[in-house]
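Spelled out from the first residue to the last, the chains are:
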Protein chains: 2
Amino acid sequence: MKRIAIDMDGVIADSYAQFIEYHRRETGILKSREESIGISEAAAFPFIRKHILTPGFFRDIPVINGSQEIMKALNNKYELFIVSAATEFPQSLAEKQAWLNEYFPFLGWQQMVFCGWKTIIKADIMVDDHFKNLDHFEGQTFLYNQPHNQLADPGRHTRVFSWEEIGRYLL
Amino acid sequence: MKRIAIDMDGVIADSYAQFIEYHRRETGILKSREESIGISEAAAFPFIRKHILTPGFFRDIPVINGSQEIMKALNNKYELFIVSAATEFPQSLAEKQAWLNEYFPFLGWQQMVFCGWKTIIKADIMVDDHFKNLDHFEGQTFLYNQPHNQLADPGRHTRVFSWEEIGRYLL
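Here the structure is a predicted model, which is why all the values come from computation and not from measurement.

This next bit is on the interface of chain A and chain B. With 24 residues of chain A in contact, the opposing surface of chain B contributes 23 residues. Here chain A and chain B share an interface that buries about 2400 Å² over both sides, 65% of which is from carbon and sulfur atoms. Viewed at the interface, chain B and chain A are joined by zero salt bridges. Taken together, the links from chain A to chain B amount to 13 residue pairs in polar contact (both at pLDDT 80 or more). Looking at the side of chain A that touches chain B, the elements that each hand over two or more residues are strand S2 (79-85), helix H5 (92-103) and strand S3 (112-115) of chain A. The element that contributes the greatest number of residues to the side of chain A that touches chain B is S3 of chain A, accounting for four residues. Of the residues in the side of chain A that touches chain B, the class split is 13 nonpolar, six polar and five charged.

Time to look at the packing of aromatic side chains. Residue and element names in this part refer to chain A. Applying the stated criterion across every chain yields a total of 22 aromatic pairs over all chains. A centroid spacing of 5.3 Å and a plane angle of 55° characterise the contact between phenylalanine 142 and tyrosine 169, whose relative ring orientation is tilted. Of this pair, phenylalanine 142 sits in strand S5 (residues 140-144) while tyrosine 169 sits in helix H7 (residues 163-170), placing them 27 residues apart in sequence. For phenylalanine 142, a relative accessible area of 0% gives the class buried.

Residues and elements named next belong to chain A. Domains assigned within chain A are domain 1 (3-14 + 62-170) and domain 2 (15-52). Between the C-alpha centres of domain 1 and domain 2 there is a distance of 21 Å. Tallying the contact residues gives 15 residues for domain 1 and 13 residues for domain 2. Of the roughly 1100 Å² buried where domain 1 meets domain 2, counting both sides, 55% is carbon and sulfur surface. For the domain 1 face of the interface with domain 2, the top three residues by lost area are Asp14, Pro147 and His148, together amounting to 48%. One salt bridge in this structure joins glutamate 88 and arginine 49, with 3.3 Å as the shortest N-O distance. Counting across the domain 1 and domain 2 interface gives 11 residue pairs in polar contact (both at pLDDT 80 or more).

Looking along a regular strand, one sees the side chains alternate between the two faces of the sheet. Residues and elements named next belong to chain B. Because side chains alternate across strand S4 (residues 125-128), one face comprises the buried residues Ile125 and Val127, and the other comprises Met126 and Asp128, equally buried. In this structure, strand S1 (residues 3-6) lies alongside S4, joined through three bridges in parallel fashion. Bridge assignment links alanine 5 to a residue of S4, and that residue is methionine 126. For S4 and strand S5 (residues 140-144), the ladder comprises four bridges, and the chain directions are parallel. Residue isoleucine 125 lies in a different strand from S5, and its bridge partner there is glutamine 140.

Before going further, it helps to examine the relation of the copies chain A and chain B. Rotating chain A by 180° and translating it 0.0 Å along the rotation axis places it on chain B, where the RMSD comes to 0.0 Å. Taken together, the rotation angle and the small translation identify this as a two-fold axis. Of the interface residues in chain A, 96% have counterparts in chain B that sit at the interface too, so the contact is made through matching surfaces.

All names here are of chain A. Enumeration according to the criterion identifies 20 salt bridges over all chains in this entry. Of the charged contacts in the structure, one is a salt bridge between aspartate 14 and arginine 33, with a shortest N-O distance of 2.8 Å. With a gap of 19 residues between them, aspartate 14 in the loop between strand S1 (3-6) and helix H1 (15-27) and arginine 33 in the loop between H1 and helix H2 (41-44) connect regions that are remote in the sequence. Given the relative accessible area of 13%, aspartate 14 is considered buried. Here arginine 25 ties to glutamate 21 by a salt bridge, and the two come within 2.8 Å at their closest N and O atoms.

Residues and elements named next belong to chain B. Running from N to C, helix H4 (residues 67-77) and helix H7 (residues 163-170) cross one another at 20°; their axes reach a closest spacing of 9 Å. Our classification of the angle between H4 and H7 gives roughly parallel. Crossing of H4 against H7: the hand is left-handed. Residues Ser67, Ile70, Met71, Leu74 and Lys77 of H4 pack against Trp163, Glu164, Ile166, Gly167 and Leu170 of H7. Within the contact of H4 with H7, the residues separate by chemical class into six nonpolar, two polar and two charged.

So, how was this worked out
Residues numbered from 1 in each chain as written. Chains lettered and ligands numbered in written order. Predicted model: local features only at pLDDT ≥ 70, side-chain atom pairs only at ≥ 80, totals over all residues. Heavy atoms only, no water. Contact = heavy atoms within 4.5 Å. Buried area = accessible area lost by both parts, 1.4 Å probe. Salt bridge = Lys/Arg side-chain N within 4 Å of Asp/Glu carboxyl O. Polar contact = N/O pair within 3.5 Å; in protein donor to acceptor, adjacent residues only side chain to side chain. Helix = DSSP H or I, 4+ residues; strand = E, 2+ residues; numbered from the N terminus. Nonpolar A, V, L, I, M, F, W, Y, C, P; charged D, E, K, R; others polar. Phe/Tyr/Trp six-rings, centres within 6.5 Å; stacked < 30°, edge-to-face > 60°. Buried < 20%, exposed > 50% of the residue type's maximum accessible area, 1.4 Å probe, protein only. Domains from an automatic or database assignment. Pairing = 2+ DSSP bridges. Least-squares fit on C-alpha atoms with pLDDT ≥ 70 in both. Axes fitted to C-alpha atoms, helices over the stretch in contact; angles between N-to-C directions. Parallel < 35°, antiparallel > 145°, perpendicular 65-115°, else oblique. Left-handed = near helix turned anticlockwise from the far one by under 90°.

Set out below in structure tokens:
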């Protein structure tokens, strides 16, 4: 059974929706995803660090469309792991696990990894929205499209735009 | 640079000292480590699950002798990661990271992994006190001696009794 490592933020958790919402609360300005295309998350959302450190930020991020159904199916066919670079924000750890338990109840604690550098991950397939995680990974790689990576050449990684598309590749 | 994955409980954190202390508080009985030899932690400490779930349990576990000095030296010679099976007890996540920050301040968040199954870990060397973690690992393995594993045949794993001994092997 092949092992898949799936990222949280920007892959199953719609962090841009949350960035936009927290930016609106902070400034009164409603940004669009389009304004963020081709620039880093930090450049698009100047208060991002403060917001990410706010209790609750990671607990009520919306789920990315289609991820629940496709993940459930993948979970029957693969050894599925959630791998989230979370230790930079220790207060996010419990929130992230509670979020997973709520929206992905078919995953057990055995399948959750909260880490820093993902170079330590051994799997056959990785789905992530950041090149820094995919570039070091030796297996098959899917780049989940997000504004910050949208203009970059995906290189050897397969860019996907939706969970439906991931399902077509992997199910 | 070779990568080392180092367990927390029973390797750098003296969990038996904490089991004994919590058992004493619960029952008034002071157990010895010797009574626990050759039996599982759960068999030796019947209230273990309750105690492990108590806030604070993981925050003030004593540090295992010599681990700080040797880890600091290893950190200059290897790509060092702490890998702790912590997601079974979500309340432990933040406590474990705060504990690491206090006692191993030379480690960054990038080097911390809180996970469930350790089959997903890719490294060259693993130090752990549980066979379930070492047996699936393909690299060099060190079994840190603890009462629960003391009577078992270490098989292909190298049993070590102290951090000084780990230093002799790896520095």
